[in-house]
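Per-entry structural report
So the chains spell out like this:
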Amino acid sequence: MAVTTATSATSATTSAKGRRRAAGPLFVAPFMVLFVLLFLAPLGYAAYLSLFEERLIGGTAFVGLDNYVKAVQDPLLIHGVGRVALFFVIQVPVMLLLALLFALALDSGLLRLARLIRLGIFVPYAVPSVVAALMWGYLYGPDFGPFAQLSRKLSLPVPDFLSDGWMLGSLANIVTWEFVGYNMIILYAALRTIPQELYEAAAVDGAGAWRIAWSVKLPALKPALMLTLLFSVIGSFQLFNEPNLLMKVAPEVISSSYTANLYAYSLAFTGQQVNYAATVSFLLGLVIVIASYAILLTANRRRTP
């Protein structure tokens, strides 16, 4: 009787484990289906398109890697990638520094109306990038923009924020305004997970607020800072909406190849060069992967004693 009961219990346990194993793939299946249909399939189709060329005579022809050879020698693409790389070097440190300062200030508990301030910093991220670019395009306007009107009333030179020398900084200002709040929320959430015991131990050792921020909070924020940095790499090299909209008000400054992403879009939907656009997109993705890997590799080397 005891043997029968033990056998039944073992069978029930085995059956329950089998059901759990079968349930796992079922829960993952919806994600995998969408991942294949919306990511892998378009990616594979774009890779397929990049190996062909549409010719006036002969139609579509297989050219292998000729499109890639052409792309790496394309001055428009090289200048576009170089421009967004410069944008990344200038804009991202400023944005992350502001996000870090805001997060530390909110976490300090010394600010009055902290919830209202946090919401105010985050609100620009809720504004669609198209709306943000249109709004700042109006503010930058040399004719009817408020900065231009104020300068004229004060008899000062009108700042030309849409000129060639100012354009990259103007774009950086828009993106910073949009994403400081987003990165601040990530850093602030990471600060809230730091054990209170660390602060108490540092206070017992005589550390003040600045020392705690430098020696306790900043080291604990390294993973979150790395995450925001990687997001910034991807976002910077995919810069599109802001220059695409400002191109309407400053066409002599922003061309269709101002950024690599804008160049790929123009090739596909304006120049009808779908195959070459797919090639440019793949190379841009490769640049993003290399830049992200380089940042991760550098961070891991610094952590290794």
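A quick note: this is a predicted structure, and the numbers were derived from the prediction, not measured.

This part takes up the overall build of the chain. A count of helices and strands for the chain gives 13 helices and two strands. Its C-alpha radius of gyration of 26 Å places the chain more than 25% over the 19 Å reference for a compact globule of 305 residues. Its C-alpha atoms put the chain at 95 × 70 × 40 Å along the principal axes. The buried share of the chain, taken over its 305 residues, is 35%. Across the chain, contacts joining residues at least 24 apart in sequence account for 66% of those joining residues at least 6 apart. Surface exposure of the chain reaches about 18,800 Å², of which carbon and sulfur atoms provide 70%.

This brings us to the pattern of salt bridges. By the definition in use, this model includes two salt bridges. The partner of D107 in a salt bridge is R192, with the nearest N and O atoms 3.1 Å apart. In this pair, D107 is assigned in helix α3 (residues 75–108) and R192 in helix α7 (residues 167–192), connecting sequence segments 85 residues apart. Residues D107 and K217 are paired through a salt bridge, measuring 2.9 Å at the closest nitrogen-oxygen approach. Here D107 is found in helix α3, whereas its partner K217 is found in helix α9 (residues 209–220), with 110 residues between them in sequence. Residues joined in a network through salt bridges with shared partners are D107, R192 and K217.

This part is about helix α12 (residues 260–269). Among the ten residues of α12, seven are classified as buried, and the element is accordingly described as predominantly covered. Buried within α12 are the following residues: A260, L262, Y263, A264, S266, L267 and A268.

Let's shift gears to unusual backbone geometry. At L113, a residue that is not glycine, the phi angle is positive and equals roughly 55 degrees. Structurally, L113 is set in the loop between α3 and α4 (114–126). Given the relative accessible area of 61%, L113 is considered exposed. The backbone phi angle of Q272 is positive, close to 55 degrees, even though this residue is not glycine. Within the element layout of this structure, Q272 appears in the loop between α12 and α13 (274–303).

Further remarks concern helix α10 (residues 222–237). Compared with the 22 Å implied by 1.5 Å per residue over 16 residues, the 23 Å span of α10 between its first and last C-alpha is a close match. Listed in full, the buried residues belonging to α10 are A224, M226, T228, L230, S232, V233, S236 and F237.

Once that is clear, we can look at the side chain of T176. Position of T176 among the secondary structure elements: in helix α7. When residues no more than four places from it in sequence are discounted, the contact partners of T176 are Q91, M95 and L98.

Here A114 lies in helix α4. Counting along the chain gives 107 residues from A114 to L221, while the straight-line C-alpha distance between them is 20 Å.

Averaged over all residues, the pLDDT of the chain is 85; the fraction at 70 or higher stands at 91%. α7 holds the highest mean pLDDT among the elements of the chain, 93, whereas helix α1 (residues 2–49) holds the lowest, 73.

Moving on, we get to the layout of surface pockets. One way to see where empty space is left: roll a probe the size of a water molecule over the atoms. Its boundaries defined by the atoms lining it, the second largest pocket holds a volume of some 440 Å³. Contributing to the lining of the second largest pocket are 15 residues, with L104, S108, A209, W210 and A213 lying nearest its centre. Of all the elements in the fold, those that place two or more residues in the lining of the second largest pocket are α3 and α9. Each residue belonging to the lining of the second largest pocket can be placed in one class, and the counts come to twelve nonpolar, one polar and two charged.

On to the packing of aromatic side chains, then. Each pair of aromatic rings is reported with the distance of its centres and the angle of its planes. What the rule picks out here adds up to 18 aromatic pairs. Seen in terms of ring centroids, F147 and F161 are 5.6 Å apart; in terms of plane orientation they differ by 65 degrees. Their pairing is edge-to-face. In this pair, F147 sits in helix α6 (residues 146–153) while F161 sits in the loop between α6 and α7, placing the two residues 14 residues apart along the sequence. The class of F147 is partly exposed, set by a relative accessible area of 36%.

Contact geometry of α7 with α10 gives a least axis separation of 9 Å together with a crossing angle of 160 degrees. Classified by the angle between their axes, α7 and α10 sit roughly antiparallel to one another. Considering only the axes of α7 and α10, their crossing is right-handed. Across the interface between the two elements, Y182, N183, I186, L187 and A190 from α7 touch A224, L225, L227, T228 and F231 from α10.

What follows covers the packing of α3 against α7. At a closest axis distance of 7 Å, the pairing of α3 and α7 adopts a crossing angle of 40 degrees. When the interaxial angle is binned, α3 and α7 end up oblique. Judged by the twist between their axes, the crossing of α3 over α7 is right-handed. Of the residues in the contact of α3 with α7, the class split is 21 nonpolar, three polar and three charged.

Cut-off values and rules
- Residues numbered from 1 in each chain as written.
- Predicted model: local features only at pLDDT ≥ 70, side-chain atom pairs only at ≥ 80, totals over all residues.
- Heavy atoms only, no water.
- Helix = DSSP H or I, 4+ residues; strand = E, 2+ residues; numbered from the N terminus.
- Rg over C-alpha atoms; globule rule 2.2 N^0.38 Å.
- Buried < 20%, exposed > 50% of the residue type's maximum accessible area, 1.4 Å probe, protein only.
- Contact = heavy atoms within 4.5 Å.
- Areas by Shrake-Rupley, 256 points an atom, 1.4 Å probe, with all protein chains shown as cover.
- Salt bridge = Lys/Arg side-chain N within 4 Å of Asp/Glu carboxyl O.
- Expected span 1.5 Å × (residues − 1).
- pLDDT = per-residue confidence, 0-100.
- 1 Å grid on protein atoms, 1.4 Å probe; cavity = no way out; pocket = protein on both sides within 12 Å on 5 of 7 lines; lining within 4 Å.
- Points joined across faces, edges and corners; volume = space filled by probe spheres on them.
- Nonpolar A, V, L, I, M, F, W, Y, C, P; charged D, E, K, R; others polar.
- Phe/Tyr/Trp six-rings, centres within 6.5 Å; stacked < 30°, edge-to-face > 60°.
- Axes fitted to C-alpha atoms, helices over the stretch in contact; angles between N-to-C directions.
- Parallel < 35°, antiparallel > 145°, perpendicular 65-115°, else oblique.
- Left-handed = near helix turned anticlockwise from the far one by under 90°.

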